Amino acid sequence: MKVLLKLSFFIHAALCLAQQTDYVDFKSVNAIIEIKPKSNQVTGEITLSFDILKATDSIFIDAQNMQLENVRFNNDSINWSNDGKKLWLIKSFKPSHNNEISFRYKANPTKSIYFIDWEDDVINSGQIWTQGQGKYTSNWLPSIDDMNDKIEFDLSVTFDKDYEVIANGNLTFKQFNDSTITWHYDMQKPMSSYLVALAIGKYNKKVAYSKRGIPLEMYYYPEDSLKFEPTYRYTKAMFDFLENEIGVPYPWQNYKQVPVKDFLYAGMENTSLTIFSDSFVVDSIGFVDKNYVNVNAHELAHQWFGNLVTETSGMHHWLHEGFATYYALLAEKDIFGENYYYWKLYEYAQELLDQDRAGQSTSLLDPKSSSITFYKKGAWVLHILRESIKDKAFRTAVTNYLIKQQFKNIETNDFIGEVEKVIGKDLNELVERWLIKKEFPYDEAMQSLKKSTFIQEFLMVDCEVQTSKCKKYLSSPISAEAKSKIIRQNDGLITVETFRNPLKVRQTISKSLPKVPLELKENYETLLDDKSYITLEAALFGLWNSFPDEQGKYLNKTKGLVGFSDKNIKTLWLTLALLTDDFEPENDNEYFSELTDFTSSKYSFEVRQNAFRYLAWVSSCGIECQENLKEATKHHNWRFSKFAKELLKKIE
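The rules we used
Residues numbered from 1 in each chain as written. Predicted model: local features only at pLDDT ≥ 70, side-chain atom pairs only at ≥ 80, totals over all residues. Heavy atoms only, no water. Phe/Tyr/Trp six-rings, centres within 6.5 Å; stacked < 30°, edge-to-face > 60°. Helix = DSSP H or I, 4+ residues; strand = E, 2+ residues; numbered from the N terminus. Buried < 20%, exposed > 50% of the residue type's maximum accessible area, 1.4 Å probe, protein only. Lys NZ or Arg CZ within 6 Å of the ring centre and 35° of its normal. Pairing = 2+ DSSP bridges. Disulfide = S-S within 2.5 Å. Salt bridge = Lys/Arg side-chain N within 4 Å of Asp/Glu carboxyl O. Contact = heavy atoms within 4.5 Å. Axes fitted to C-alpha atoms, helices over the stretch in contact; angles between N-to-C directions. Parallel < 35°, antiparallel > 145°, perpendicular 65-115°, else oblique. Left-handed = near helix turned anticlockwise from the far one by under 90°. Nonpolar A, V, L, I, M, F, W, Y, C, P; charged D, E, K, R; others polar. Expected span 1.5 Å × (residues − 1). Patch = residues over 30% accessible without salt bridge, like charges linked within 9 Å, V, L, I, M, F, W, Y side chains within 5 Å. Areas by Shrake-Rupley, 256 points an atom, 1.4 Å probe, with all protein chains shown as cover.

Trainee: What's the story with the packing of aromatic side chains in this structure? I'm lost.
Mentor: Given two aromatic rings, one states the distance between the centres and the angle between the planes to describe the pair. Following the criterion strictly, the structure yields 54 aromatic pairs and no others. Judged by centre distance (5.2 Å) and plane angle (45 degrees), the ring pair of Phe228 and Tyr232 falls under tilted. Here the residue Phe228 and the residue Tyr232 both occupy positions in helix 2 (residues 228–232), the gap between them amounting to four residues, near one helical turn. Accessibility assignment for this pair places Phe228 and Tyr232 in one class, buried. One aromatic cluster is present, formed by Phe305, Trp318, Phe323, Tyr326, Tyr327, Phe394, Tyr401 and Phe415 through successive ring pairs. Seen from the ring of Tyr163, Lys202 lies directly overhead, with NZ or CZ sitting 5.0 Å from the centre.

Trainee: What should I look at first to understand the environment of Gly132 in this one?
Mentor: Among the secondary structure elements, Gly132 is positioned in the loop between strand 10 (127–130) and strand 11 (152–160). A residue is classified by how much of its surface remains accessible, and Gly132, at 1% relative accessible area, is buried.

Trainee: Help me out: how do you make sense of the pairing of strand 4 (residues 66–73) in this one?
Mentor: Remark: a regular strand shows side chains that alternate across the two faces of the sheet. Strand direction decides the pairing type here: strand 4 and strand 8 (residues 96–107), joined by six bridges, are antiparallel. Bridging across to strand 8, Phe73 finds its partner in Ile101. Both strand 4 and strand 5 (residues 76–77) contribute to a ladder of two bridges, which runs antiparallel. Looking across to strand 5, one finds that Phe73 is bridged to Asp76.

Trainee: Where do I start with the state of the cysteines in this structure?
Mentor: By definition, a disulfide links two cysteine residues through a covalent bond between their sulfur atoms. Across all of its chains, the model carries two disulfides by this definition. Covalent S-S linkage joins Cys463 and Cys470, the inter-sulfur distance amounting to 2.2 Å. Here the S-S torsion is close to -110 degrees, and the disulfide linking Cys463 with Cys470 is therefore left-handed. Assessed through its relative accessible area of 0%, Cys463 is described here as buried. Bridging Cys621 to Cys625, the disulfide has an S-S length of 1.9 Å. Between Cys621 and Cys625, the S-S torsion sits near -90 degrees, and that sign places the bridge as left-handed. A single burial state applies to Cys621 and to Cys625, both of which are buried. When the bonded cysteines of the protein chain are numbered from the N-terminus onward, they pair as 1-2, 3-4.

Trainee: Would you mind going over the sheet that holds strand 4 with me for this structure?
Mentor: Sheets are built from strands paired through backbone hydrogen bonds, the pairs being either parallel or antiparallel. Reading across the sheet, the eight strands line up as 5-4-8-2-1-11-14-13 and stay open at both edges, with mixed pairing between neighbours. In this open sheet, the two edge strands, each paired with only one partner strand, are strand 5 and strand 13 (170–176).

Trainee: I'm lost on the pattern of salt bridges in this one. Help?
Mentor: It is possible for side chains of opposite charge to pair when their charged atoms get near one another. Tallied over the entire structure, the rule returns 29 salt bridges. Linking Lys404 and Glu418 is a salt bridge whose minimum nitrogen-to-oxygen distance equals 3.8 Å. In this pair, Lys404 is assigned in helix 9 (residues 391–405) and Glu418 in helix 10 (residues 412–423), connecting sequence segments 14 residues apart. On the basis of relative accessibility, which here comes to 8%, the residue Glu418 falls in the buried class. Via salt bridges that share partners, Glu245, Arg386, Asp391 and Arg395 belong to a single interconnected network.

Trainee: When you look at the environment of Phe394 in this model, what are you seeing that I'm missing?
Mentor: Locating Phe394 in the fold gives a position in helix 9. In this structure Phe394 comes out as buried when scored by relative accessible area, which is 1%. Remark: the alpha-carbon pair of Phe394 and Ala266, spanning 128 residues in sequence, is separated by 29 Å. Leave out the neighbours within four places in its chain, and Phe394 touches Tyr326, Tyr327, Leu382, Leu385, Arg386 and Ile389.

Trainee: Got a minute to help me understand the sheet that holds strand 3 (residues 56–62) in this structure?
Mentor: Taken together, three strands build an open sheet; the order of strands is 3-7-6 and the sheet is antiparallel. The open sheet terminates on both sides in strands that have one partner only, identified here as strand 3 and strand 6 (79–82). This sheet shows a mean twist of 20 degrees between the axes of neighbouring strands, independent of strand direction. As paired elements, strand 6 and strand 7 (residues 86–93) share four bridges and run antiparallel to each other. Bridged to Trp80 within strand 7 is Leu89.

Trainee: Explain the pairing of strand 11 to me, please; I cannot follow it from the model alone.
Mentor: With eight of nine residues buried, strand 11 lies mostly within the body of the structure. Pairing geometry for strand 1 (residues 24–36) and strand 11, over seven bridges, is parallel. Pairing of Asn30 across the sheet is with Asp154, part of strand 11. Pairing of strand 11 with strand 14 (residues 180–186) involves seven bridges; the strand directions are antiparallel. When the bridges of strand 14 are listed, Asp154 appears paired with Asp186.

Trainee: Would you mind showing me how to read the packing of helix 9 against helix 10 here?
Mentor: Relative orientation and spacing of two packed helices are given, respectively, by the angle between their axes and the distance between those axes. At a closest axis distance of 9 Å, the pairing of helix 9 and helix 10 adopts a crossing angle of 130 degrees. Judged by the inter-axis angle, helix 9 sits oblique to helix 10. The crossing of helix 9 and helix 10 is right-handed. Across the interface between the two elements, Ala393, Thr396, Ala397, Val398, Asn400, Tyr401, Lys404 and Gln405 from helix 9 touch Asp414, Phe415, Glu418, Val419, Lys421, Val422 and Ile423 from helix 10. Here the residues of the contact of helix 9 with helix 10 sort into eight nonpolar, three polar and four charged.

Trainee: Before we go on, may I ask you to explain helix 10 in this structure?
Mentor: Side chains three or four residues apart in an α-helix point the same way, a direct result of the helix having 3.6 residues per turn. In this model, helix 10 (12 residues) spans 17 Å end to end at C-alpha, consistent with the 16 Å of a helix rising 1.5 Å per residue. Taken as a whole, helix 10 has its buried residues at Thr412, Asn413, Phe415, Ile416, Gly417, Glu418, Val419 and Glu420. Directly after helix 10, the chain includes Gly424, whose backbone phi takes a positive value near 75 degrees.

Trainee: Is there a simple way to think about a nonpolar patch on the surface in this case?
Mentor: On the surface, Phe541, Leu579 and Trp617 cluster together into a nonpolar patch covering about 270 Å² of accessible area. Among the secondary structure elements, Trp617 is positioned in helix 22 (residues 605–617).

Laid out in structure tokens, this is it:
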């Protein structure tokens, strides 16, 4: 079809070069490993089975900065070399099946596996977790970095008996040793090496079962038992929805989710084992403002889109992220309703428009595109495609695509071609506008959104220029999103009656008034009773800043509040307490010490970042704070380390 020819022009010339996958097909990896956290060391014995497809004089295995020994090929000695990045086997290999390479290795990885909180024996709550995507699993486990070689991984991990060890696949048995346990995990289907994962820590877990009987294992810190339900809310419902919507059964033995400290991203979709940031562990109040639902659905969708079918290269990355974003949105639509679905699409469209206006537009098929392009433009492509070919054809095409390409590596043509087969015509125009062109088709997107009366109403309401209708809007039955828009456009429209609106509108009020007018003071004070940590934080500062004579009153009312896991309210409260004249002066040293302590590495980087900001704001980042800030510049989370470096320059 013509579209396939058009897309072929975007294929990078490097694809013409021979890959090892043309000569060797690795089938399985059996690894027996031991992890020593105090020395950041991984040791193990590994056996890889493979077929030789074509004659070759060498075979390599990715092994970054590892010590290797006792290398054997089919139980015989073999010439080999270690260049610090790869293990090379040197021999005149002939086409054959069922070959094995085995060896022992030792590594002290600086990437891909992270040892958290093992320096302080008092804490006794260390964690170990992996993140292979972008950093490569071969830093801690000899494997094949090329995502085009799919392998079945079985891991046996020996570790301290007081900790839980969680890996891909099914836990077949636990071998109890003197002070350790060896955990044996079995995968039955192949995956790309970047999806191999480990998480080790002190956890409890609860298990639910999908409609089809798939175990859903949900881990949590023992101290967070009351946060379990709001954190994992809707998990089973979304799992069952996605299985039905996608039309292909969940392809793995079970599904596990584990929160970890100081994760690099929101979450990572390792096969059958999603690891996610513990900043999404929330209580019932936190759920209103910031919850795990979208990340939960997104990483779950990846179990099909990314794990079952995997891109051949970054050019086709939208087949992972665009699909996961779109199907997560469908799952949320099933829970929160159609208005929510269209609202999120509207927000995505605005982000993409802003990107275009900033001159940063890229093709969806550009491997260097931004996350906004891959995730949100990708999701928009699927929305528009489904709208144009209708539900039945879309779902049939997706199901056919997944079944045909399961456990394979795919390109955009594989999906587009499957859609074209179902509808009986080419998609040249849609592909040109939405996948190939750099600019986001904003006008077409808005026409689609206007099919929603909810979006029509939102767009209709506009108070950039105040009219007589504007005040009436805030007491009318229009949506909370529309009312929030009006308040952001003109906070002078806020009256006593405006506070009678729902939580979302009240939250906008809390963030919109730099100074609270005296006539609104009594109503604004009621925001301190709202079940929203975002509202509470904004309202506390708003009142403290607006009414100096009553600062102590507001601090007393909010004393003891913590907020999210980043302690957003607690760190603000401590700062304001220190700045308030005559408020518990006898406790100033205690409050300053507590705020400074929050900058130390025993806390998550989100807590530390808040504490650093506030101490810098009040020009009180002293010796201890600065030492912690210097340590933070070396943190494994690059966003946090960048923040620390920039702040350090400002205060030195």
